[in-house]
There are 2 protein chains.
Amino acid sequence: MDFNQKFAIGIDIGGTNTAFGIVDSTGNIVFRNRLSTRDYITIDSFISAIEESVKPYIELTGIDHLTGIGIGAPNGNLQTGVIEYAPNLPWEDNLPMGNLFSKKFNKPCRITNDANAAAIGEMTYGAAKGLKDFMVITLGTGVGSGIISNGNLLDGFDGYAGELGHTIVIPEGRKHWGTNVCGCLEAYASATGIVITANEFLNCNESTPSLLQSYAPNNITAQLIFECACKGDKIAIEIFQYTGKILGVALANFALFSSPEAIIFFGGLTKAKDFWMNTAKEYMDKNLPPNFRNKTKLIVSNLDEADAAILGAASLVMMK
Amino acid sequence: MDFNQKFAIGIDIGGTNTAFGIVDSTGNIVFRNRLSTRDYITIDSFISAIEESVKPYIELTGIDHLTGIGIGAPNGNLQTGVIEYAPNLPWEDNLPMGNLFSKKFNKPCRITNDANAAAIGEMTYGAAKGLKDFMVITLGTGVGSGIISNGNLLDGFDGYAGELGHTIVIPEGRKHWGTNVCGCLEAYASATGIVITANEFLNCNESTPSLLQSYAPNNITAQLIFECACKGDKIAIEIFQYTGKILGVALANFALFSSPEAIIFFGGLTKAKDFWMNTAKEYMDKNLPPNFRNKTKLIVSNLDEADAAILGAASLVMMK
């Protein structure tokens, strides 16, 4: 541990768990911890718990070496530092999270949503080192995105740009469980969406044998479908291919928007990439004009998933 | 005419006509002219013709007051100054248009595509004055777009960002006449697309009386459909409403991408805005998550169409 280095605190706030750590300027997480978000009824108790945890390390390295606190959180707004609306967090809406952390540590605090933090993390420490125009697509429970344009986070006039999981791929298609909008990417290409696809496929293909048929609909998970696909299960493989087709159309649209050098995938579904990525690439090219085909690279993040969120959050203040 | 002012040459190169003019720093076109693009077999003769035309005015104002030349042209690349591929222009591909003009006038030359030039023109002289995050959608023979993010043109890693007319709105939908891709916005929301819609509607609704039925399919134009809609023709009005629905889905996707403060419409179809704009707004909101609804303003450009292309091109160098 080099005590002359600058450090940042990176915090990844999720509805269930909050992971945080101290990151040095070369991207090593020198200390890490996690707590259960829902255990903290007040935001003050939550912030104090994090402060208590990192305190010994900050005292060791010296507060002068702390550049600031970076936070990735659902609906975190980089422009205002506020979490305006967060149905999955135990605290009130319009929470000035950035200010509260900044006051507690007497250091700058920057906050954004988790996918934007991942994009900045990839640029600082990951697959996007040296790239100025790229985007990160997170394929997890939901579908998130962070867009980097000319080296800067694309955040729009109000801090909310880059919600590509909610773009429409099939007009009047499957209804999204949260927004009630029909046919958005997240309704198909998230872990939640894939499970819905699985149940639809199983209902329509009762005569085709599948390992998935021995599970109750409620017990089917994206992980289980992946395991069945690995065993060669035809229906499980088709579920991922169907997902890849829909994702491919969306990727074509994303490429036409910002002409990124690369699209970097991140999150749980990247484990199953062998089952959907070629199809996604094929349908992406099929839906692009000739001069856009074979241009944008599709890459899977090489950052450890548990670390990436902390690194991404820390890089919000490390970049400055 | 103020001889102490800075001036720029703005050139709008189209497949049929090239319009150009001298623009002062307050956005007045103090001289304008046009020539027939196809009359010039060599690019040198084309550039010389423009130089001859503007020469007397440059001599009057003094070459020192000329800031440069801005060009809007199909597939013009801001990063390279090259027109890489221009099937509608009489000259060879990979034409270093920027360099050629720059050498002729011994002044900087910047080139981009017409929709990007329109976006910069709107920011400099039009409805987007003071806005930093917005986009221009041109609804003409085709559908073009120019995206401004944080005050800068979004041009991607290779200069080709913002081709929103080619984004997919109906997967596996209508085949585009140029790219052969199915279901892109331009196949529906351009003047060309609307004429196709009209012929489809007339074939499917033979029993519904329409003024359009008295024309041969080849004689139906977007202008004619507009005129029939103004006379209260039910089918003509339905054609624009159908177009508005599809455009609305696309606008929702654009808003989710860059969260623009405004989307500014430009081009021939804006004349018919009373027939499609409310529907577009309704379907845009219907396809957006709640926190994105009623946020992005939909505005029709107030720049004179003939002038806007020249102003937009000139502002490429006037901004610098």
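Everything below is about the structure printed above this text.
Residues numbered from 1 in each chain as written. Chains lettered and ligands numbered in written order. Predicted model: local features only at pLDDT ≥ 70, side-chain atom pairs only at ≥ 80, totals over all residues. Heavy atoms only, no water.

Caption draft 1: Structural detail: the environment of threonine 179 of chain A. Inspection of the secondary structure assignment puts threonine 179 of chain A in the loop between strand S8 (152-153) and helix H4 (186-189). Threonine 179 of chain A sits in the buried class, given a relative accessible area of 13%. Taking C-alpha positions, threonine 179 of chain A is 8.9 Å from histidine 166 of chain A, a pair spaced 13 residues apart along the chain. Setting aside residues up to four positions removed in sequence, threonine 179 of chain A forms contacts with His166 of chain A together with Pro289, Pro290 and Arg293 of chain B. A polar contact of 3.1 Å, which involves the side chain of threonine 179 of chain A, links it to the backbone nitrogen of valine 181 of chain A. (Helix = DSSP H or I, 4+ residues; strand = E, 2+ residues; numbered from the N terminus. Buried < 20%, exposed > 50% of the residue type's maximum accessible area, 1.4 Å probe, protein only. Contact = heavy atoms within 4.5 Å. Polar contact = N/O pair within 3.5 Å; in protein donor to acceptor, adjacent residues only side chain to side chain.)

Caption draft 2: Region of interest: the relation of the copies chain B and chain A. Superposing chain B onto chain A takes a rotation of 180° plus a shift of 0.0 Å along the axis, which leaves an RMSD of 0.1 Å. The two molecules are tied by a two-fold rotation axis, judged by turn and shift. Here 100% of the interface residues in chain B have copies in chain A that are interface residues too; the copies meet face to matching face. (Least-squares fit on C-alpha atoms with pLDDT ≥ 70 in both.)

Caption draft 3: Layout of the pattern of salt bridges. Residue and element names in this part refer to chain B. Going through the model one piece at a time under the given rule, you end up with 16 salt bridges over all chains. Salt-bridge contacts for glutamate 200 lead to arginine 174; the nearest nitrogen and oxygen are separated by 3.0 Å. You can see glutamate 200 sitting in helix H5 (residues 191-204) and its partner arginine 174 sitting in the loop between strand S8 (152-153) and helix H4 (186-189), a full 26 residues away along the chain. The exposure class of glutamate 200 is partly exposed, given its relative accessible area of 37%. For arginine 174, a relative accessible area of 10% puts it in the buried group. Among the ionic pairs, glutamate 238 bridges to lysine 234, the shortest N-O distance being 3.3 Å. One end of the pair is glutamate 238 and the other is lysine 234, both in helix H7 (residues 234-258) and four residues apart, which spans about a single turn. (Salt bridge = Lys/Arg side-chain N within 4 Å of Asp/Glu carboxyl O.)

Caption draft 4: Spotlight on helix H6 (residues 222-230) of chain B. Listed as buried for H6 of chain B are Ala222, Leu224, Ile225, Phe226, Cys228 and Ala229 of chain B. In this structure, the buried side of H6 of chain B is in contact with H5, H7 and helix H8 (273-286) of chain B.

Caption draft 5: The interface of chain B and chain A, seen in detail. Contact with chain B, which involves 42 residues of that partner, is made by 42 residues of chain A. A combined buried area of about 3,300 Å² lies between chain B and chain A, and 65% of that area is made up of carbon and sulfur atoms. Looking at the side of chain B facing chain A, the largest losses of area belong to Phe157, Leu256 and Phe257 of chain B, adding up to 22% of the total buried there. Taken together, the connections running from chain B to chain A amount to four salt bridges. Between lysine 286 of chain A and glutamate 172 of chain B there is a salt bridge; the shortest N-O distance is 3.9 Å. (Buried area = accessible area lost by both parts, 1.4 Å probe.)

Caption draft 6: Region of the structure containing the sheet that holds strand S10 (residues 297-300) of chain B. Residue and element names in this part refer to chain B. In spatial order, the strands read S8-S7-S6-S9-S10; together these five strands make up an open sheet with mixed pairing. What marks the edges here is a single partner per strand, and that holds for S8 and S10. Pairing of strand S6 (residues 134-139) with strand S7 (residues 143-149), which is carried by six bridges, proceeds in the antiparallel orientation. Note on S7: the bridge partner recorded for leucine 139 is valine 143. On the sheet, helix H3 (residues 114-125) packs against S6, S7, S8 and strand S9 (262-266) and is oriented at approximately 45° with respect to S7. (Pairing = 2+ DSSP bridges. Axes fitted to C-alpha atoms, helices over the stretch in contact; angles between N-to-C directions.)

Caption draft 7: Region of the structure containing unusual backbone geometry. All names here are of chain A. One non-glycine residue with positive phi stands out, namely asparagine 94, at about 55°. Positionally, asparagine 94 belongs in the loop between strand S4 (66-72) and helix H2 (97-105). Phi is positive for asparagine 106, which is not a glycine, with a value near 55°. Along the polypeptide, asparagine 106 turns up in the loop between H2 and strand S5 (109-112). The exposed category is assigned to asparagine 106, whose relative accessible area is 69%.

Caption draft 8: Representation of the sheet that holds S5 of chain A within the structure. Residue and element names in this part refer to chain A. Taken together, the five strands give an open sheet; going across it, the order is S3-S2-S1-S4-S5, and neighbouring strands pair in mixed fashion. Looking at the sheet topology across the chains shown, the edges are occupied by strand S3 (29-36) and S5. Across the sheet, the mean angle separating the axes of adjacent strands is 15° when strand polarity is ignored. Bridge count between strand S1 (residues 7-13) and S4: six bridges; the pairing is parallel. Directly across from glycine 10, in S4, lies its bridge partner glycine 70. Together, S1, strand S2 (17-24), S4 and S5 form the strand contacts of helix H3 (residues 114-125), whose direction differs from that of S5 by roughly 115°.

Caption draft 9: Main features of H3 of chain B. Residues and elements named next belong to chain B. Taking 1.5 Å of rise per residue, the 12 residues of H3 would be expected to cover 16 Å, and the 16 Å separating its terminal C-alpha atoms lies within 8% of that figure. Burial within H3 is extensive, with 10 of its 12 residues counted as buried. Listed in full, the buried residues belonging to H3 are Ala115, Asn116, Ala117, Ala118, Ala119, Ile120, Gly121, Glu122, Met123 and Tyr125. Capping the start of H3 is the job of one residue whose side-chain oxygen sits 3.0 Å from the backbone nitrogen of alanine 115: asparagine 113. (Expected span 1.5 Å × (residues − 1).)

Caption draft 10: Layout of the side chain of threonine 279 of chain B. Residue and element names in this part refer to chain B. Following the sequence through the fold, threonine 279 ends up in helix H8. You can call threonine 279 buried: its relative accessible area is 12%. If near-sequence neighbours (up to four positions away) are discounted, threonine 279 is found in contact with Gln241, Gly244 and Lys245.

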